Amino acid sequence: MEGRCRPKQRRKVSPMQNKYRLMSPGPTPIPPEVSAAGALPIIHHRTPEFGEVFTRVNENLKRVFLTENDIFTYASSGTGAFEGALQNLFSPGDKVLVVNNGNFGGRWAKMGRAFGLEVTELTYEWGQKADNEEVAEALAADPQIKGAVCVLSETSTGTVNDIRGFAKATENVLTIVDAVSGLGCCELRTDEWGVDVVVAGSQKALMTPPGLGFVSVSERAWKAHEESRMPRYYFDWTAAKKAYRKDPPQTPWTPAVSVILQLDLALRQILEEGLENVLERHVLLGRAARAGVKGMGLRLFGPDEDMNAAVTAAWVPEGVDGKQLVRMVFREHGIQVAGGQGPMEGRIFRIGHCGYFDAYDIIATVAALELALESLGYPVELGRGVGAAQRVFSKSGVAA
Ligand SMILES: *Cc1c(COP(=O)(O)O)cnc(C)c1O
């Protein structure tokens, strides 16, 4: 890591050797115990030893998804698990509603069309929240729509959608939620709210390396699966279910053994902290990041709400090159924040705080942003953003 993470063009005048801090909304940093687990010998996946780990992982996933439904784990990224959901739920020509208020909502609309679905897209400006009344109206206007898709935490903008309201608005059709960056940092009560299918991934708030995709499947989703005629093989839920029903449970194909061993430790850490405490910590991290951004004199991108606990996005100020800002924060301060995606490239930057993050990660990031903005000629009063972020934690008593 040393060589790779050391800034490439170190300034001769700077004696500083920076630590590497990954402040992106995926992949995210992982706890040392989770790193260490990745170095353990590979165990065979058809053994009682792996079965013991996998049984615990499946039970603990249910505690984080807050569901009694089946949850399948794939050796894929979140996009793969989502592709599997479309293949298993629908037939070519089926109608689905997709809420698109950012890069990922837009991806699911495109993916639906790629699989021959008739997609009704409900589009909002990036940074805006979905309007669940409009979702209900769109469904009422077309009773043939079979399922509705919404993103919990739209990582491209930092905006978190109201999934409780979305599930209510979509109660008569299949409710499908992309919780890839939201699961484990934003409230999502799968069973209580009636979400049929939740898709997630290992590399965001679950504090695990990239490589695993998850999908939870309700009883109603199973019924839809039985009728669905979309071609599928690798992601076939029937194949997964058959393997999961073995004792101990298995996966139909070779699982990503090492990443599952790592996930085991990460989930135990989340449950030890307590899911509610984890969510509360993320609310504070989001509040502090937004306070820091405003304290520096920058404008937030998206609503200033506690719900937005996964990612904080801000406008790059006028006269500053957004890409240069992100590069400078990394090269000169060792902190990797994310730039904007798609139409927001160069115009916004994003601070990820979903997963293994604490108060000092936010404070350090705001401090580095202040220094970088200053050296890019933007008038910033050093310490204003940092102080605003600190005060969020001091009020709560978290960082005494
Ligand atoms: C990261 C992310 C994805 C895509 O996940 P991959 O693991 O990169 O395929 C999908 N949706 C959201 C909201 C994400 O943040």
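The rules we used
Residues numbered from 1 in each chain as written. Predicted model: local features only at pLDDT ≥ 70, side-chain atom pairs only at ≥ 80, totals over all residues. Heavy atoms only, no water. UniProt positions renumbered as here; feature names shortened; annotations may be inferred. Pairing = 2+ DSSP bridges. Helix = DSSP H or I, 4+ residues; strand = E, 2+ residues; numbered from the N terminus. Axes fitted to C-alpha atoms, helices over the stretch in contact; angles between N-to-C directions. Contact = heavy atoms within 4.5 Å. Buried < 20%, exposed > 50% of the residue type's maximum accessible area, 1.4 Å probe, protein only. Near = heavy atom within 4 Å. Polar contact = N/O pair within 3.5 Å; in protein donor to acceptor, adjacent residues only side chain to side chain. Areas by Shrake-Rupley, 256 points an atom, 1.4 Å probe, with all protein chains shown as cover. Nonpolar A, V, L, I, M, F, W, Y, C, P; charged D, E, K, R; others polar. Parallel < 35°, antiparallel > 145°, perpendicular 65-115°, else oblique. Left-handed = near helix turned anticlockwise from the far one by under 90°.

- Under an unreviewed UniProt entry, the name given to the chain is Tritium exchange subunit, and the organism recorded is Rubrobacter xylanophilus.
- The UniProt entry for the chain carries this comment under Cofactor (unreviewed entry): "pyridoxal 5'-phosphate".
- The Sequence similarities (unreviewed entry) comment attached to the chain in UniProt states, word for word, "Belongs to the class-V pyridoxal-phosphate-dependent aminotransferase family."

**Here's the deal with the sheet that holds strand β3 (residues 95-100)**
Right, so step 1: Ordered in space as β2-β10-β9-β8-β5-β3-β4, the seven strands form an open sheet in which the pairing is mixed. The outermost strands of the open sheet, each flanked by one partner alone, are β2 (70-74) and β4 (118-123). For this sheet, the mean angle separating the axes of adjacent strands, direction not counted, is 20°.
Right, so step 2: Strands in contact with helix α3 (residues 48-65) are β2, β9 (197-201) and β10 (213-217); relative to β2, the strand with the most contacts, it is inclined by about 120°.

**Regarding the pairing of β2**
Right, so step 1: Burial analysis of β2 places five of its five residues in the buried class, which makes it a mostly covered element.
Right, so step 2: Side chains D70, F72 and Y74 project from β2 onto one buried face, and the interleaved I71 and T73 project onto a second face that is buried too.
Right, so step 3: Relative to β10, β2 runs antiparallel, the two sharing five bridges. By the bridge assignment, I71 is partnered in β10 with S216.

**Some words on unusual backbone geometry**
Right, so step 1: That bond from G26 to P27 is cis: its omega, -5°, falls within 30 degrees of zero.
Right, so step 2: Each neighbour pair has its own omega, and for D247 with P248 the value is -5°, a cis peptide bond.
Right, so step 3: With respect to the helices and strands, P248 occurs in the loop between α10 (237-244) and α11 (257-273).
Right, so step 4: Located in the positive-phi region is L66, a residue other than glycine, with phi close to 55°.
Right, so step 5: Within the fold, L66 resides in the loop between α3 and β2.
Right, so step 6: One non-glycine residue, M207, lies in positive phi territory at about 55°.

**With respect to the site of the ligand**
Right, so step 1: Not every one of the 14 residues close to the ligand is listed here, only the nearest: S77, T79, T155, D178 and K204.
Right, so step 2: At a separation of 2.6 Å, a nitrogen atom of the ligand approaches a polar side-chain atom of D178.
Right, so step 3: When isolated, the ligand has an accessible area of 380 Å², and the protein chains bury 89% of it.
Right, so step 4: Only α4 (78-89) and α5 (103-114) provide two or more residues apiece to the shell around the ligand.
Right, so step 5: Residue composition of the shell around the ligand, by class: four nonpolar, seven polar and three charged.

**Some details on the UniProt feature "domain: Aminotransferase class V" (unreviewed entry) in the chain**
Right, so step 1: Sites flagged by UniProt as "domain: Aminotransferase class V" (unreviewed entry) map to residues 43-341.
Right, so step 2: Segment residues 43-341 splits into 43% helix and 17% strand. End C-alpha atoms: 39 Å apart.

**Regarding the sheet that holds strand β13 (residues 338-339)**
Right, so step 1: Spatially, three strands are ordered β11-β14-β13 in an open sheet, and the strand pairing comes out antiparallel. The sheet terminates laterally at β11 (311-315) and β13, the two strands that pair on one side only.
Right, so step 2: Bridge count for β13 against strand β14 (residues 348-352) is two bridges, and the pairing is antiparallel. Looking across to β14, one finds that A338 is bridged to R350.

**Here's the deal with the packing of α4 against α5**
Right, so step 1: Contact pair α4 / α5: the axes reach a minimum separation of 11 Å and the direction vectors enclose 45°. Between α4 and α5, the angle is such that the two are oblique. Crossing of α4 against α5: the hand is right-handed. Between α4 and α5, the residues in contact are T79, F82, E83 and L86 and R107, W108, M111 and G112, respectively.
Right, so step 2: Considering only residue class, the contact of α4 with α5 consists of four nonpolar, two polar and two charged.

**So, the environment of I43**
Right, so step 1: Within the element layout of this structure, I43 appears in the loop between α2 (32-37) and α3.
Right, so step 2: Residue classification places I43 among the partly exposed positions, given a relative accessible area of 27%.
Right, so step 3: C-alpha separation for the pair I43 and L261, spaced 218 residues apart in sequence, amounts to 9.5 Å.
Right, so step 4: In this view, I43 contacts E49, F50, V257 and L261; residues no more than four positions away in its chain are not counted.

**So, the UniProt feature "modified residue: N6-(pyridoxal phosphate)lysine" (unreviewed entry) in the chain**
Right, so step 1: UniProt feature "modified residue: N6-(pyridoxal phosphate)lysine" (unreviewed entry): in the numbering of this structure it lies at K204.
Right, so step 2: Take K204: it is sitting in the loop between β9 and β10.
Right, so step 3: Relative accessible area serves as the criterion here: at 9%, K204 is assigned to the buried category.
Right, so step 4: Among all residues touching K204, those that are not within four sequence positions of it are P25, G26, T28, V180, S181, C354 and G355.

**Section: the side chain of T155**
Right, so step 1: Within the secondary structure, T155 sits in the loop between β6 (153-154) and β7 (159-160).
Right, so step 2: Separated by 2.7 Å, the side chains of T155 and S181 make a polar contact.
Right, so step 3: Those residues within four positions of T155 in sequence are excluded, and the remaining contacts are P25, F104, S181, V311 and R350.

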